[in-house]
Structures are given as structure tokens and as C-alpha cells.
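Here's the letter readout for the chains.
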Number of protein chains: 2
Amino acid sequence: MELRQLRYFVAVAETGNISRAAQAIFLTQPALSRQIKALEGEIGRDLLERRANSVRLTAAGEVMLPVARELLQHAERLLQLVRGG
Amino acid sequence: MELRQLRYFVAVAETGNISRAAQAIFLTQPALSRQIKALEGEIGRDLLERRANSVRLTAAGEVMLPVARELLQHAERLLQLVRGG
DNA sequence: TCAAATTACGGTCGACGTAAGGATC
DNA sequence: GATCCTTACGTCGACCGTAATTTGA
């Protein structure tokens, strides 16, 4: 698991749509789809419930989202702290 | 910045020696040395003070170490939470 | 048929290992 | 000279984009 993948996951969760998320983070749909799959594989849980024209978070995804956001904010704070000091 | 690089940095900080850290995390000395350099480049601060037979943390490195540890623990908690739930 | 996701395939960039070089004790 | 760290160089894997396939409204 890497921060990059958490950023991807949060982007998808925020749009509820892999295509738009991909645009938002300047990536293609397949690339993003693959990374989410890889993340799910490593975690051992599905994070998205694939639907017709969109995706929804699974229970595991709902649990993950706020913690992933915290973690990314934590990483931002780390950078500010080390750079600022 | 990726979690992998933070894991590498913590390993180096814990041994005070790139060679031994590399052994501990099953990596070669050059690979580890490069990743630390890359991390320093991205952050914009030196993290290590290169000495004769070892390395020491710089001020920025000392600031970074505890936060990096927290962040990695945070990542572990995330995994446990998502897997356990 | 349209819009979304996935799978397949090829290319490119990055991380790694081996080997060589440099510095300090 | 021994033990570090770094630089150079080639390889392999990972991520990415394009194209093709699949699925559902």
C-alpha cells in the first residue's frame, strides 16, 4: 500500500465515478481502475461496489475513506513540518 | 513521497548506518542510498549528515523521524481497521 | 446506443542489483 | 586496508496509455 493508491482511492470516493476521478487526477480510466483493484487485492477487501454507471463504496470502503483522508493529511503535515523547520 | 521511502528512512535512522539498514530491510546499500537521496530531494532538505563510517540525522531528520513513525503506524491501523471490519 | 468499467497489449519510466569509485578511519 | 557511502550502468518490473471487450441503462 502506498500513498499514491490512497490518493487514487479518495479521488474515486469523492466523485463516485472512476472516469471523472481519473480526469481529476490526470490519469486514464483503466490506470485508475487497475490501481484500485490492486489496492483491494492487497487489503483483501473490495472497496468499491461496481454498479452500472458508477461505483459505490462498500462497507470496507466507507471505513477506509476517513482514515485514508487522515493519513494523507498526516503526510501533508509531515512535509510542512520538515520543510518549515 | 511514498510510504516505502518513509519505511526506508526509519530503517536508516534506527541503525544509524545505511549498510546495516539495507540488510535489515532486504535491500542493497546503493538502492537504499538512492531512495534516501530522492526523498531528500523531494522534501528539499537533507535528512542525513553523512559521516565517515555512519550517518547522523540532521535537524530536519530529527523532526521527521517521529512523524514518519506515526505515519507508518497510522497506515498499519488503517489496514487493521479495514481488514478487521 | 451510450456511458461506464474491465481486460489486453505494448511502451516507458523507475527501482533494483552489480560493479566501480571516493572518502574517512 | 577496511568500511562506509555514492555514482555508473544495465536489467526487470510496475505503472501508464491506447485499443478492444464487456456490461448495464
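The sections below set out a description of the structure shown in this document. (Residues numbered from 1 in each chain as written. Chains lettered and ligands numbered in written order. Predicted model: local features only at pLDDT ≥ 70, side-chain atom pairs only at ≥ 80, totals over all residues. Heavy atoms only, no water.)

Some remarks on the protein's contact with DNA strand C
Thought 1: Taken together, 18 residues lie near DNA strand C, and Ile18, Ser19, Ser33 and Arg50 of chain A together with Tyr8 of chain B sit nearest.
Thought 2: For DNA strand C, the backbone portion of the atoms within 4 Å of the protein, that is sugar and phosphate, comes to 65%.
Thought 3: Between Arg4 of chain B and DNA strand C, the recorded distance is 3.3 Å, taken from a side-chain N or O atom to a phosphate oxygen.
Thought 4: Put simply, the parts of the chain that give the surface near DNA strand C at least two residues each are α2 (18-24) and α3 (29-43) of chain A together with α1 (3-15) and α3 (29-43) of chain B.
Thought 5: Residues that form the surface near DNA strand C fall into these classes: seven nonpolar, seven polar and four charged. (Near = heavy atom within 4 Å. Polar contact = N/O pair within 3.5 Å; in protein donor to acceptor, adjacent residues only side chain to side chain. Helix = DSSP H or I, 4+ residues; strand = E, 2+ residues; numbered from the N terminus. Nonpolar A, V, L, I, M, F, W, Y, C, P; charged D, E, K, R; others polar.)

Quick notes on the protein's contact with DNA strand D
Thought 1: Surrounding DNA strand D, one finds 20 residues, the nearest of these being Tyr8 of chain A together with Ile18, Ser19, Ser33 and Arg50 of chain B.
Thought 2: Take the atoms of DNA strand D that sit within 4 Å of the protein: sugar and phosphate atoms are 58% of them.
Thought 3: At a separation of 3.0 Å, a phosphate oxygen of DNA strand D approaches a polar side-chain atom of Arg4 of chain A.
Thought 4: In this structure, a phosphate oxygen belonging to DNA strand D sits 2.8 Å away from a side-chain N or O atom of Gln29 of chain B.
Thought 5: Contributions of two or more residues to the surface near DNA strand D are made by α1 (3-15) and α3 of chain A together with α2 (18-24) and α3 of chain B.
Thought 6: For the surface near DNA strand D, the class distribution of residues is eight nonpolar, seven polar and five charged.

Any link to function would need more than the numbers given here.
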